[in-house]
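Read off the chains here:
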Amino acid sequence: MRVTRFVCAATTAAMLLGGSSASAQETPQALRQEIDQLRRDFEALKQQYGDRLTALEVKLAAAEGGQVTQPAPGAPPTAAPPAGQPPGQQPPGQQPTAQVPPGAEGAGGPTGALPVYGAAAGGSKVFNPDIAVIGDFLGASGHNTVNPQPSLEMHESEASFQAVVDPYARADFFISFGESGVDLEEGYLTLTSLPGGLLTKVGKMRSAFGKVNTLHNHVLPWTDRPVVINNLVGGEDGISDAGISVARLIPNPWLFLEATGQIFRGDSSDVFKANRRDEVSYVGHVRGYQDITESTNIDLGFSYARGHNDAELGHDDFFGVFTTNLYGVDATLRWRPLQRSIYHSFVGRGEWIVSRRDQLSGLQRANGFYVSGDYQFGRRWFTGVRIDRSGRATDGSLIDTGGAATLTYWPSEFSQVRGEYRRINYALGETANELLFQFQFSIGAHGAHPF
Amino acid sequence: MKHAFILVIALLAATGPAAAQGKLNVVATTEDLAAIAREIGGDRITVESIARGYQDPHFVEAKPSFILKLQKADVLVVVGRELEIGWLPPLITQSRNSKIQPGADGYVDASLQASILEIPTGQITRAMGDVHPLGNPHYWLDPENGKRIGKEIADKFSALRPNDRATFEQRLADFSSRLDAAEKKWLAQMAPYKGLKVVTYHRSFPNFAERFGLDIIGYVEPRPGIPPTPQHTLDLINEMKRQNVKIVMVEPYFDLKTPNSIGRETGAQVLVMPPSVGGTKDVTDYFKLFDYDINLLIEAIKKSGAK
């Protein structure tokens, strides 16, 4: 009985042991097999998804562009990264390529395959704003002791960021990097669909006073700004401030008529200076435009600006309140024959500005004007002249006069070389004779042409 | 006082929203799109175009008078593919019209269903000239695309005027079948000249060439948007002589000096070929555009003896 029990126990134990040892031998193998099987399944799945992704992308491209580019069988298109690879990363040492657009060859364009940069990550960029950078390089030679400009200067690099914000608004930022620092030249929100036809801008912007004050450097027909703008309206920085602008079209059967009202903090270069919160400045502008023929049109504007100036010493009324009132008239005549619009055009401009400035010595009246004409005589060539005359804001009896002639060459829509001869007879007897030149170049998004 | 009151009421009435089921006020950026919109809309719409057919559509001036047109528009039909990028965005922004802002119900991008050629697939740079990253925008010069543009426009009109849906659909069907018949005729006219080698000034004709079997071997412009250079012109003349090219197609808004000297050197015919409705006086609708261009081409081929 004892023996039987022992045998039984031994047998059981042996069976148990044997069993367990047998399973110990089988398990790793099975597991490995299972893992291998899973791996194969996973690979197949990856391959499947990769193929489906490729097919879908081809379909998408077809739906979007109506042009089907069939991928070579077995070779995934460059747009689809190999399965399992994080998007945006290309296998090391393998430069992705793309075909030159049809027709680019034979026209002197690049031939063969072009490299693709960051194409796979492109999807994340679709909502980025349009970005452009415009470089403005200035050179000066000749004689000017009153307002000398450096001989060579990377005057400004303007970066622009522009995009639609939402269905109701768009935003535009212009940041200028000058030699002495960075400045937010403009940065504003435009509400495009307010009721009542009100076009509203909020932010920092160049005010609607006249024509030249609204323009950025790179769209000016000169390398500089007219004397009257420098003397009375703050020059390059101009009347540019943080504020709110509202513009409305005035319906009438005859012409395009737009009225703009703007309110600003009251700090604009040397024109306006606010000492208190309530010393805001105002700008009003009325613009009338009419097509005379399909190639000729005329644009007239009246402007008014009012703000406190830097003659005001303190923030109480003890020293008195000192304001500057500015009045402006601008006129632009444009001619551009439609059928030859890329070869010939003419723009005649003029502005007349009156300044009434309170200061300790009493009310100073000053006025000035410029008149200019710019003629395009070839697809890439422009020439122009300008006549300047202006009193100074702080002393209207000091009158600077001058003139300039320009020649501009456009290698393409995106770059420009300009030479300008300028003569200014300063009020105190100095005469400046200068030869100025400018290179301008733009990279990035294609901005709209100014009108 | 009473008069003033009446005047105010009249002004308010005049500036108020138009009756919901009045005529659709359609503005198209080019005369081609206006012509197709007219085919679809008939008397249910009024159509105006911004650019003239004899004008370079890349360089239209953003005149304030266009703002007035856009302000009153119910629908804006654009060519798209960045053709109008240099002038349309500021006009739309200043239009104060929420109906035609990009993405709104009244904004129609006519290129969405069209077959677009020359879509760059790789990195593009401005060293290639003024290339259009979204493909060649001169796609309307293919009657097949004409039908697709018509469909795009008809869909939009129907969505905005559900009551007139049947009319728009019927007019679209009619337009498409007339276009089919005309296309058969045009293809038959052009069939004997299949594979004919031509040179064009700008890349305005790839869709036309593809549909009617022309082989564009070069361009007067060295790169899109870059005016001709002497070296490129010489190369082009040599290439034309080598391949015996006898046709130079020039859009009406380009200077003829370089094309004419190429013509003198190579004996090629220089054709002022309107790429758009309104490009010359005789081309008053979408059908006449192809009629005119194909007749012009065939006459020139016969004259030049090219084959």
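Residues numbered from 1 in each chain as written. Chains lettered and ligands numbered in written order. Predicted model: local features only at pLDDT ≥ 70, side-chain atom pairs only at ≥ 80, totals over all residues.

## Description of the domain arrangement of chain B
Residues and elements named next belong to chain B.
Point 1. Under the domain assignment, chain B is made up of domain 1 (19-184) and domain 2 (189-304).
Point 2. Once you take the C-alpha centre of each, domain 1 and domain 2 turn out to be 25 Å apart.
Point 3. Counting residues at the interface gives 27 residues for domain 1, matched by 25 residues for domain 2.
Point 4. Elements with a minimum of two residues in the side of domain 1 that touches domain 2: α2 (31-41) and α5 (143-160).
Point 5. With 5 residues, α2 is the largest single contributor of residues to the side of domain 1 that touches domain 2.
Point 6. A breakdown of the residues in the side of domain 1 that touches domain 2 according to their chemical character gives 10 nonpolar, 8 polar and 9 charged. (Domains from an automatic or database assignment. Contact = placed C-beta atoms within 7 Å. Helix = DSSP H or I, 4+ residues; strand = E, 2+ residues; numbered from the N terminus. Nonpolar A, V, L, I, M, F, W, Y, C, P; charged D, E, K, R; others polar.)

## Some points on the sheet that holds strand β8 (residues 269-272) of chain B
All names here are of chain B.
Point 1. Spatially, β6-β5-β7-β8 is the arrangement adopted by the 4 strands of the open sheet, whose pairing is parallel. The open sheet has two free edges, formed respectively by β6 (214-219) and β8, since each of these has just one partner strand. Direction aside, neighbouring strands of the sheet carry axes that sit 30 degrees apart on average.
Point 2. Pairing geometry for strand β5 (residues 196-200) and strand β7 (residues 247-250), over 2 bridges, is parallel. Considered in β7, the bridge of Val199 is made with Val248.
Point 3. Contacting β5, β7 and β8, helix α10 (residues 286-304) crosses the sheet at an angle of about 170 degrees to β8. (Pairing = 2+ DSSP bridges. Axes fitted to C-alpha atoms, helices over the stretch in contact; angles between N-to-C directions.)

## Regarding the nonpolar core
Point 1. Val26, Ala37, Val77 and Ile153 of chain B are the most contacted members of the largest nonpolar core, which totals 88 residues.
Point 2. In terms of residue count, the dominant contributor to this core is α10 of chain B (7 residues).
Point 3. With sequence-adjacent residues up to four places away left out, Ile153 of chain B is seen in contact with Ile36, Ala37, Ile40, Val77, Val108 and Ala110 of chain B.
Point 4. Among the nonpolar cores identified, the runner-up in size contains 21 residues, and Val212, Ala274, Ala366 and Tyr370 of chain A belong to it. (Core = buried A, V, L, I, M, F, W, Y, C linked by C-beta atoms within 7 Å. Buried ≥ 20, exposed ≤ 12 C-beta atoms within 10 Å, placed from the backbone.)

## Re the packing of α5 of chain B against helix α6 (residues 165-190) of chain B
All names here are of chain B.
Point 1. Orientation of α5 relative to α6, taken along the N-to-C sense of each, is 175 degrees, at an axis distance of 9 Å. Classified by the interaxial angle, the pair formed by α5 and α6 is roughly antiparallel. Between α5 and α6, the residues in contact are Pro143, Gly146, Lys147, Gly150, Lys151, Ala154, Phe157 and Ser158 and Arg165, Phe168, Glu169, Leu172, Phe175, Ser176, Leu179, Ala182 and Glu183, respectively. (Parallel < 35°, antiparallel > 145°, perpendicular 65-115°, else oblique.)

## Quick word on the sheet that holds strand β3 (residues 75-78) of chain B
All names here are of chain B.
Point 1. Strand order in the open sheet formed by 4 strands is β2-β1-β3-β4, and the pairing between neighbours is parallel. Strand pairing shows two members of the sheet lacking a second neighbour, β2 (45-49) and β4 (107-109), which therefore form its edges. For this sheet, the mean angle separating the axes of adjacent strands, direction not counted, is 20 degrees.
Point 2. Pairing between strand β1 (residues 24-28) and β2: 5 bridges, direction parallel. Across the sheet, the residue bridging to Val27 is Glu48, located in β2.

## Re the interface of chain B and chain A
Point 1. Each side of the interface is counted separately: chain B has 56 residues, and chain A has 50 residues.
Point 2. The set of elements that each furnish at least two residues to the side of chain B that touches chain A consists of α3 (64-71), α4 (88-94) and β6 of chain B.
Point 3. A breakdown of the residues in the side of chain B that touches chain A according to their chemical character gives 27 nonpolar, 18 polar and 11 charged.

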